[in-house]
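Below, each chain spelled out in residue letters.
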Amino acid sequence: MKYDLVRFLRAACPFLLAIGLWRLSVPFWNPGGVLAIIVVFYCSFVKHVPWFGAFSVLMCMLVDYKFETVCFWLVMYCLFYSVNGFQNFIDISRMEYDGLPAFAFFCGVSIIALFFMNISFINVFRGIWMFLWMCALYIPIVQLIKKVQQ
């Protein structure tokens, strides 16, 4: 009985962590629950978790809802998913630092696209802060997922 509960919690960890990060949205530290994108990226592209693809689409829609963008994160996720599926040269699951360079590229392209949707001086600093914060928190969140799933 005890082993079944531990096995369930290990399997549910990425799902619960993504929902928790989405719910803990704070305007400066986690605007719109965007830190849930870290879990979505890692469990979709780096370490494939069963049934996480459909959940990732749902999480992207939820982040869009709180971030007040219309399907932006969903489109970026689907675009990156399709580009990743058609290429043969870069294997994100075998990248160093658990795919941090690929995540930085994904995050950077997304934040630049957000900046061009609403060009202003304050959005430059907001975009830089969000990029640095998401990339800095990528490794600790990934290490937490890996530690729980061992």
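Scoring rules and cut-offs
Residues numbered from 1 in each chain as written. Predicted model: local features only at pLDDT ≥ 70, side-chain atom pairs only at ≥ 80, totals over all residues. Heavy atoms only, no water. Helix = DSSP H or I, 4+ residues; strand = E, 2+ residues; numbered from the N terminus. Buried < 20%, exposed > 50% of the residue type's maximum accessible area, 1.4 Å probe, protein only. Axes fitted to C-alpha atoms, helices over the stretch in contact; angles between N-to-C directions. Parallel < 35°, antiparallel > 145°, perpendicular 65-115°, else oblique. Left-handed = near helix turned anticlockwise from the far one by under 90°. Contact = heavy atoms within 4.5 Å. Nonpolar A, V, L, I, M, F, W, Y, C, P; charged D, E, K, R; others polar.

Things to note about unusual backbone geometry
Even without a glycine there, the phi angle at Tyr97 is positive, about 60°. Mapped onto the elements of the fold, Tyr97 is located in the loop between helix H4 (72-86) and helix H5 (100-117). The backbone of Asp98 sits at a positive phi, close to 55°, despite the residue not being glycine. Examined against the element boundaries, Asp98 turns out to sit in the loop between H4 and H5. Of the residues examined, Asp98 reaches a relative accessible area of 18% and is grouped as buried.

Structural notes on the packing of helix H2 (residues 36-46) against helix H6 (residues 121-148)
At a minimum axis distance of 9 Å, the contact between H2 and H6 shows a crossing angle of 60°. Comparing the axis directions of H2 and H6 gives the class oblique. The two elements H2 and H6 cross, and the hand of that crossing is right-handed. Packed against H2, whose contacting residues are Ile37, Ile38, Val39, Phe41, Tyr42, Cys43 and Val46, the element H6 presents Met134, Leu137, Tyr138, Ile141, Val142, Ile145 and Lys146 at the interface. In terms of residue class, the contact of H2 with H6 is built from 13 nonpolar, no polar and one charged.

Looking at the environment of Ile112
Structurally, the position occupied by Ile112 is in helix H5. The exposure class assigned to Ile112 is exposed, which follows from its relative accessible area of 51%. Residues Ile112 and Val83, 29 residues apart in the sequence, show an inter-C-alpha distance of 18 Å.

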